[in-house]
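Structural overview
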Amino acid sequence: IAPAFQEIVGGSQDGMLIWSGFDFAITNFLEEPEIEVDVMGTASYCVQCCPLPFVGFKGRFKGKPFFLRISLEPIPDSKALELVDTVRNQVRPVERSNESDQKQIDRSE
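Residues numbered from 1 in each chain as written. Predicted model: local features only at pLDDT ≥ 70, side-chain atom pairs only at ≥ 80, totals over all residues. Heavy atoms only, no water.

**Regarding the overall build of the chain**
In terms of regular secondary structure, the chain is built from one helix and seven strands. Counting the 109 residues in the chain, one finds 25% classified as buried. Across the chain, the fraction of contacts at a sequence separation of at least 24, relative to all contacts at a separation of at least 6, is 40%. Put simply, the chain shows about 8000 Å² of open surface, and 53% of that area lies on carbon and sulfur atoms. (Helix = DSSP H or I, 4+ residues; strand = E, 2+ residues; numbered from the N terminus. Buried < 20%, exposed > 50% of the residue type's maximum accessible area, 1.4 Å probe, protein only. Contact = heavy atoms within 4.5 Å. Areas by Shrake-Rupley, 256 points an atom, 1.4 Å probe, with all protein chains shown as cover.)

**Examining the confidence of the model for the chain**
Summary statistics for the chain give a mean pLDDT of 87 and a share of 88% for residues scoring 70 or more. Looking across the chain, the model is least confident in helix 1 (residues 26-31), with a mean pLDDT of 93, and most confident in strand 4 (residues 54-61), with 96. Confidence drops under pLDDT 50 across residues 99-103; counting only partners more than four residues distant or on other chains, this segment forms nine contacts. (pLDDT = per-residue confidence, 0-100.)

**Description of the sheet that holds strand 3 (residues 35-43)**
Across the sheet, which stays open at both edges, the three strands sit in the order 3-4-5 with antiparallel pairing between neighbours. Of all the strands in the sheet, just strand 3 and strand 5 (64-71) have a single pairing partner and so form its edges. In this sheet, adjacent strand axes meet at a mean angle of 15 degrees when their direction is disregarded. Summarising the sheet, strand 4 and strand 5 pair through eight bridges and their orientation is antiparallel. (Pairing = 2+ DSSP bridges. Axes fitted to C-alpha atoms, helices over the stretch in contact; angles between N-to-C directions.)

In structure tokens, the structure reads:
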């Protein structure tokens, strides 16, 4: 799991990639009755060993093993999933055509 990039549309920062902050209540996650966490850890950015800071959990959910890795930043080189339109004052998903992966940004008034 990782935050998604958003692209600013309009204004002086048009085309800039940003992302929204988020909160994850680890205590609430650990208190869920059917989640059993055996190992949890965190890692900061490191050129040689960890390209993204993250929090990770290994355990069982309803008796089945899981590994959950929550990245604290978007995955490098991933594409923007939302547009922050400063002209229309709205956030909307990026529309992609089926023929190519090029963004279709509607800049009309």
